[in-house]
Amino acid sequence: MDPGSIAGRRVAWVKSLTRRTSIPAIAAGVLLACGPGNPPEDYVPLPIASVAPALLDDVERTRRHLNAFPIEDYEQHEVAGVGRFFIDDPSDMIKQVIVAGYAWERHQAELFEEHVEPGSVAVEVGAHIGSHTVSLARLVGPWGRVYAFEPQRKIYRELYHNLALNGLNNVVPLRFAIGAGETRIIEMNPATQGNEGGTGVGAGGDRAELRSLDSFGFERVSLLKIDVEHYENEVLAGAVETIRRNRPAILIEIMGGEDYATAPPAVRERIHATWGRLETLGYTVEPVAGHDYIALPNIEQGGDP
């Protein structure tokens, strides 16, 4: 579905949520980029996508789910220089780091600062609870936009409320899985105790609507971040036009949990396949840390496969 075709539903959803939710700042601002002062003269509003997956949930069901956040089950924790977060399970590997007061994967945050351009779009595929999203929002600034994808119902709701907790109004949180092919309903694997973020596309878990990145028509993308638990090749296959059009820096986890130096041959083969796909698109790939890689566009190459 083209983002522009759901404008009427979007406005109705914003009005409904603004009236009924206890967090009006994000209700009014999550879909409408705004900030202090006036926009620059050349500012063009960015395309806006629906927050309600059309094949799976209608806007009313989405609103009810977001408003049913059990805040009494959460504690607030702050990471200096990053932001505040609602945390319910301190045994989860990401939440555990936040509870201790540290930024999750600091090496990624350093790369954000190098490659995210103010006023641009950052696309985060696999946003989890927003541990990186809040930093991306700060870097794109009030006239930029972050599109943060998280398909798990519980984690998506936590992401949404963490954005509200930090007063962010330049982020669009989207409960979609991202892959290739036609828009369709898929199942996730069941969430894993101690690693809620380590849940990929599979069976037995939450149902989610899967779309390709290309179906959103994103423009002005300076950074594409992909963390999708072994589903990265499918994400890239559905993002070819987005990558060709924008030439963003791509920060990608390849075969999460597997370090190349110690990986068995079958895993190394998959890592090489992903690496090769990026090179075919005109990128140079470098390892960053563990299973994280940075892919940067070759200036002299157009990137047509």
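First, a word on scope: everything that follows refers to the structure included in this document.

1. Overview of unusual backbone geometry
Phase 1 of the analysis: Unlike most non-glycine residues, Glu105 shows phi in positive territory, near 50°.
Phase 2 of the analysis: Owing to a relative accessible area of 15%, Glu105 belongs among the buried residues under this scheme.
Phase 3 of the analysis: For His128, which is not a glycine, the phi torsion comes out positive at approximately 55°.
Phase 4 of the analysis: For His128, the location among the structural elements is in the loop between strand 3 (121-125) and helix 6 (133-140).
Phase 5 of the analysis: Under the relative-accessibility criterion, His128 is labelled buried at 6%.

2. A look at the pairing of strand 9 (residues 221-226)
Phase 1 of the analysis: Of all 6 residues making up strand 9, 6 are buried, and the element is well covered by its neighbours.
Phase 2 of the analysis: As judged from the 5 bridges shared by strand 3 and strand 9, these two strands associate in the parallel manner. Residue pairing for strand 9: Val121 is matched across the bridge by Val221.
Phase 3 of the analysis: In this structure, strand 9 lies alongside strand 10 (residues 249-253), joined through 4 bridges in parallel fashion. What sits directly across from Leu224, in strand 10, is Ile250.

3. Considerations on helix 6
Phase 1 of the analysis: Of all the 8 residues making up helix 6, 7 are buried; the element is thus mostly covered by neighbouring parts of the structure.
Phase 2 of the analysis: Every buried residue belonging to helix 6 is among Thr133, Val134, Ser135, Leu136, Ala137, Leu139 and Val140, and all of these are buried.
Phase 3 of the analysis: Just downstream of helix 6 lies Gly141, where phi reads positive at about 80°.

4. A closer look at helix 10 (residues 265-280)
Phase 1 of the analysis: The terminal C-alpha atoms of helix 10 lie 22 Å apart, and with 16 residues this matches the ideal 22 Å at 1.5 Å per residue to within 8%.
Phase 2 of the analysis: Regarding helix 10, the residues found buried are Val267, Ile271, Thr274 and Leu278. Across the axial projection of helix 10, the buried residues extend over an arc of 60°, all falling on one side. Turned more than 90 degrees away from the buried face of helix 10 sit Pro265, Ala266 and Glu269, all of them exposed.
Phase 3 of the analysis: In the core, the buried residues of helix 10 are packed alongside helix 8 (232-237), strand 10, strand 11 (283-289) and strand 12 (292-297).

5. Quick look at the pattern of salt bridges
Phase 1 of the analysis: Applying the stated criterion across every chain, the model contains 10 salt bridges.
Phase 2 of the analysis: The partner of Glu110 in a salt bridge is Arg106, with the nearest N and O atoms 4.0 Å apart. Here the residue Glu110 and the residue Arg106 both occupy positions in helix 5 (residues 106-115), the gap between them amounting to 4 residues, near one helical turn.
Phase 3 of the analysis: According to the relative accessible area criterion, Glu110 is partly exposed, its value standing at 46%.
Phase 4 of the analysis: Here Arg106 falls in the partly exposed class, since its relative accessible area comes to 40%.

6. Considerations on the packing of helix 3 (residues 59-67) against helix 7 (residues 153-165)
Helix packing geometry: the angle between the two helix axes and the distance between the axes.
Phase 1 of the analysis: Closest axis-to-axis distance for the helix 3/helix 7 pair is 9 Å, and the angle between their directions is 70°. Relative to helix 7, helix 3 is oriented roughly perpendicular. Listed contacts from helix 7 to Arg61, His65 and Leu66 of helix 3 are Arg153, Lys154, Tyr156, Arg157, Tyr160 and His161.
Phase 2 of the analysis: Here the contact of helix 3 with helix 7 is built from residues that sort into 3 nonpolar, 2 polar and 4 charged.

Reading guide: rules and limits
- Residues numbered from 1 in each chain as written.
- Predicted model: local features only at pLDDT ≥ 70, side-chain atom pairs only at ≥ 80, totals over all residues.
- Heavy atoms only, no water.
- Buried < 20%, exposed > 50% of the residue type's maximum accessible area, 1.4 Å probe, protein only.
- Helix = DSSP H or I, 4+ residues; strand = E, 2+ residues; numbered from the N terminus.
- Pairing = 2+ DSSP bridges.
- Expected span 1.5 Å × (residues − 1).
- Arc of directions from axis to C-beta.
- Contact = heavy atoms within 4.5 Å.
- Salt bridge = Lys/Arg side-chain N within 4 Å of Asp/Glu carboxyl O.
- Axes fitted to C-alpha atoms, helices over the stretch in contact; angles between N-to-C directions.
- Parallel < 35°, antiparallel > 145°, perpendicular 65-115°, else oblique.
- Nonpolar A, V, L, I, M, F, W, Y, C, P; charged D, E, K, R; others polar.

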